[in-house]
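The lines below spell out each chain.
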Amino acid sequence: MPYYEDIEVGEVHHFGRYEITREEIIEFASRYDPQAFHLDDDAAKEGPFGALAASGWMTAAVTMNMLVEGWIGHEGTSLGGAGVRELNWLRPVWPGDVLSVRAVVLEKRRSKARTGMGILDQKIETLDATGEPVMAMRTMGLVRTRDAAGRD
């Protein structure tokens with residue numbers, strides 16, 4: 001992630017590629033979201049999706065991984081997050097789905113409480129291979145400023 005001063009409101013970043021596997025869906029669900037429609041093909045047929053589907057929390061975790069690898073990066077400018085305002089699972093994620101991420105910077109401002117830190121309001125969408133969103137969230141990300149005393 002670049003420094004705060006180098007980020008423009010309205011910029012769009014598209015990155016990542018992650019294929020969801022049946023085994024991973026079951027493994028994640030067995031540890032973190034043990035509902036039958038995430039664990040067992042036969043039970044899932046009778047569930048709300050009609051087939052085995054990934055936990056929304058798994059989709060969120062995969063999205064976070066792609067965010068770190070593709071946008072937040074390892075340059076030391078990301079200072080974590082201040083929260084998620086909205087989180088919506090828009091449609092099921094199936095075994096074999098290939099996901100990617102689109103991040104849009106909606107607003108930015110300098111932190112009043114902590115010099116050297118900016119706050120990014122972002123819309124993050126997780127997309128399937130056709131470009132349709134399967135998950136959307138609005139996040140508040142914290143990013144290092146180059147100039148602690150700077151003004152917008």
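Definitions and limits used
- Throughout this document, residue positions are counted from 1 along each chain, in the order its sequence is written.
- Reporting of local features is limited, given that this is a predicted model, to residues whose pLDDT is at least 70; pairs of side-chain atoms are given and counted only at 80 or more, and all residues count toward the totals for whole chains, interfaces and linings.
- Excluded from the side-chain calculations are hydrogens and water; all other atoms, namely the structure's heavy atoms, are used.
- Here a helix means four or more residues in a row that DSSP labels H or I, a strand means two or more in a row labelled E, and each is numbered from the N terminus.
- Classification of residues uses two cut-offs on accessible area relative to the type maximum, computed with a 1.4 Å probe and protein chains only: under 20% is buried, over 50% is exposed, and between them is partly exposed.
- Pairing between strands requires that DSSP locate at least two bridges from one strand to the other.
- Angles shown run from 0 to 180 degrees and are taken between the N-to-C directions of axes, each axis being a line fitted to C-alpha atoms and, for helices, limited to the stretch in contact.
- Pairing of aromatic rings covers Phe, Tyr and Trp, the last counted by its six-membered ring, and requires centre-to-centre distances within 6.5 Å; plane angles under 30 degrees mean stacked, over 60 mean edge-to-face, and any other angle means tilted.
- Among buried residues, the Ala, Val, Leu, Ile, Met, Phe, Trp, Tyr and Cys ones that are joined through side-chain atoms within 4.5 Å form a nonpolar core.
- Residues are treated as being in contact if the distance between any of their heavy atoms lies within 4.5 Å.

Caption draft 1: Layout of the overall build of the protein. Across its full length, the protein carries four helices and five strands. Counting helices and strands in the order they occur from the N terminus, the protein gives β-α-α-α-α-β-β-β-β. With respect to the principal axes defined by its C-alpha atoms, the protein has extents near 60 × 30 × 25 Å. Across the 152 residues that make up the protein, the buried fraction comes to 41%.

Caption draft 2: The arrangement of the sheet that holds strand β5 (residues 133–144) in detail. If you walk across this open sheet you meet the five strands as β1-β3-β4-β5-β2, and the pairing is antiparallel. Unpaired on one side and paired on the other, β1 (12–19) and β2 (78–89) mark the two borders of the sheet. Strand-to-strand twist of the sheet, defined as the mean angle between neighbouring strand axes without regard to direction, takes the value 25°. Two elements, strand β3 (residues 98–110) and strand β4 (residues 117–127), share ten bridges in a ladder whose sense is antiparallel.

Caption draft 3: Layout of the packing of aromatic side chains. Counted according to the given criterion, the structure contains three aromatic pairs. Aromatic pair F28 and Y32: ring centres 5.0 Å apart, planes at 50°, arrangement tilted. Pair noted here: F28 and Y32 are both in helix α1 (residues 22–32), with a separation of four residues, about one helical turn. Taking relative accessible area as the criterion, F28 reaches 16% and is therefore assigned buried. A centroid spacing of 5.4 Å and a plane angle of 80° characterise the contact between F37 and F49, whose relative ring orientation is edge-to-face.

Caption draft 4: Structural context of the nonpolar core. Judged by nonpolar contacts, the single largest core of 29 residues is most densely connected at L67 and W71. For this core, the element with the most residues is helix α4 (residues 56–72), which contributes seven residues. In contact with L67, other than residues within four places in its own chain, are F15, I72, G73, V101, I124 and M137.

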